[in-house]
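Chain residues, written in single-letter form:
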Amino acid sequence: MLTFILKRLGFALITLICVLTLVFLVVRILPGDPALVILGDQASPDSVAALRDRLGLNDPILVQYASFLGRALQGDLGNSMVTGRPVTSEILNVLPYTLELTFAALVLGTVLGVPAGVWAAVRRNRIPDYLMRLVSLIGLSLPAFVAAIILMMVFAIHFGWFPVISAGNAETLTERLRQMALPTLALALIMMAYITRVTRSAMLEVLSQDFVRTARAKGVSPSRVVWTHALGNCLIPITTVVGLYLGILIGNSVLTEIVFSRPGLGKLILTALTQRDYTLLQGMIVVYTLMVVVVNLAPDLPYGLLDPRIQYK
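Okay, so let's go over this structure. What you are looking at is a predicted structure, and each value in this text was computed from that prediction instead of being measured.

**Some details on the overall build of the chain**
Moving on, step 1. Secondary structure assignment for the chain yields 14 helices and zero strands.
Moving on, step 2. The secondary structure elements of the chain, listed N-terminal to C-terminal, are α-α-α-α-α-α-α-α-α-α-α-α-α-α.
Moving on, step 3. Counting every position in the chain, which comprises 313 residues, the buried fraction comes to 40%.
Moving on, step 4. Accessible surface, the chain: about 16800 Å² in total, of which carbon and sulfur atoms supply 66%.

**Thoughts on the packing of aromatic side chains**
Moving on, step 1. Under the definition given, this model contains three aromatic pairs.
Moving on, step 2. Summarising the aromatic geometry, the rings of F155 and W161 are spaced 5.8 Å apart at their centres and angled 35° between planes, so their arrangement reads as tilted.
Moving on, step 3. On the accessibility criterion, W161 (48% relative accessible area) is partly exposed.
Moving on, step 4. Each member of the aromatic cluster is reached from another via a ring pair, and the members are F155, F159 and W161.

**With respect to the pattern of salt bridges**
Moving on, step 1. For the structure shown, the criterion picks out five salt bridges.
Moving on, step 2. With a shortest N-O distance of 3.4 Å, R133 and D129 are connected by a salt bridge. Of this pair, R133 and D129 both sit in helix α6 (residues 127-141), four residues apart, which is roughly one turn of the helix.
Moving on, step 3. Linking R213 and D210 is a salt bridge whose minimum nitrogen-to-oxygen distance equals 2.2 Å. Here R213 and its partner D210 are both found in helix α9 (residues 210-217), three residues apart, which amounts to about one turn of the helix.
Moving on, step 4. A relative accessible area of 45% means that R213 is categorised as partly exposed.
Moving on, step 5. It is possible to trace a salt-bridge network through shared partners that takes in D129, R133 and R200.

**Structural notes on the layout of surface pockets**
Moving on, step 1. The volume enclosed by the second largest pocket comes to roughly 220 Å³.
Moving on, step 2. Taken together, 13 residues form the lining of the second largest pocket, with G75, L77, V286, V287 and L290 sitting closest to its centre.
Moving on, step 3. Taken together, the elements giving at least two residues each to the lining of the second largest pocket come down to α1 (2-29), α4 (61-73), α5 (87-122) and α13 (278-297).
Moving on, step 4. Ranked by residues supplied to the lining of the second largest pocket, first place goes to α5 with four residues.
Moving on, step 5. The residue makeup of the lining of the second largest pocket, split by class, is 11 nonpolar, two polar and no charged.

**Things to note about the environment of V164**
Moving on, step 1. Checked against the element boundaries, V164 lands in the loop between α7 (144-158) and α8 (173-207).
Moving on, step 2. Assessed through its relative accessible area of 35%, V164 is described here as partly exposed.
Moving on, step 3. Along the primary structure V164 and F260 are separated by 96 residues, whereas in three dimensions their C-alpha atoms are 6.6 Å apart.
Moving on, step 4. Look past the residues within four positions of V164 in its chain and what remains in contact with it is M152, A156, I157 and F260.

**Brief notes about α7**
Moving on, step 1. The terminal C-alpha atoms of α7 lie 20 Å apart, and with 15 residues this matches the ideal 21 Å at 1.5 Å per residue to within 8%.
Moving on, step 2. The largest bend in α7 is about 30°, located at M152.
Moving on, step 3. Packed against the buried residues of α7 are α8 and α11 (235-259).
Moving on, step 4. Looking one or two residues beyond α7, the residue adopting positive phi is G160, at roughly 70°.

Rules used throughout
Residues numbered from 1 in each chain as written. Predicted model: local features only at pLDDT ≥ 70, side-chain atom pairs only at ≥ 80, totals over all residues. Heavy atoms only, no water. Helix = DSSP H or I, 4+ residues; strand = E, 2+ residues; numbered from the N terminus. Buried < 20%, exposed > 50% of the residue type's maximum accessible area, 1.4 Å probe, protein only. Areas by Shrake-Rupley, 256 points an atom, 1.4 Å probe, with all protein chains shown as cover. Phe/Tyr/Trp six-rings, centres within 6.5 Å; stacked < 30°, edge-to-face > 60°. Salt bridge = Lys/Arg side-chain N within 4 Å of Asp/Glu carboxyl O. 1 Å grid on protein atoms, 1.4 Å probe; cavity = no way out; pocket = protein on both sides within 12 Å on 5 of 7 lines; lining within 4 Å. Points joined across faces, edges and corners; volume = space filled by probe spheres on them. Nonpolar A, V, L, I, M, F, W, Y, C, P; charged D, E, K, R; others polar. Contact = heavy atoms within 4.5 Å. Expected span 1.5 Å × (residues − 1). Bend = angle between axes of the 7 residues up to and from the residue.

Here you go:
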């Protein structure tokens, strides 16, 4: 298992370096001069040139790349071009909001999606099955920001049950949960759709196998057959889709935070784009990439615990 983990970590490091290289190149080819954006249109050419030299923008592209890659691999993401504060500090100030929203959506989507998929599989080709398939299809068809806007219009603007803006400045737990409700639900609905379909497909395959028929023939209760024997053999595909979709969930949180004006990495990356803050933008994408790499690696590790027949190679 140690060899397996080291191999996966090696591939993860290669992926991270490739993404860092792509981020560096893409940010550099965007139109506009960050020094001019920082100083304003009225700045003198001498001031702009001096700032470009201080920021290292006049260095050869290979020198800039080597400096950026070396510092990034050491955990130093540099300082913001606009505020001058360390990028790491800027990210850590808002990272808890994004992690809180992502984790809440992950739990809610899993808690709703697994029972829905089991229910649909047990009642195959009946009304509950058709209903769950329709709901999951709608969830897969709606982008996260569209679902967020619809939920906002219905439950925040029309009914007034939840606040329109999730500012993250609630003083009580109740108010904090009210602010998180709609952003969490917008993300969880899409995740629920993925998990429902995967759980249903896996359950249908397992329920048709011989050991399930044997358990039923021995008089095992239907609920135990479904929730212990059958679902226990579906945990690996469910765990896989949860891990894979968690990376998508992190990306979807960007637009969701922007729609609800919620503090987080999404709002910060929009600010970096608007202000042409190269350093902050690079740091944000590096953090997103690192999070995605980690969540894609994590689901592979418990496979041996979920199914002892699996051999790590």
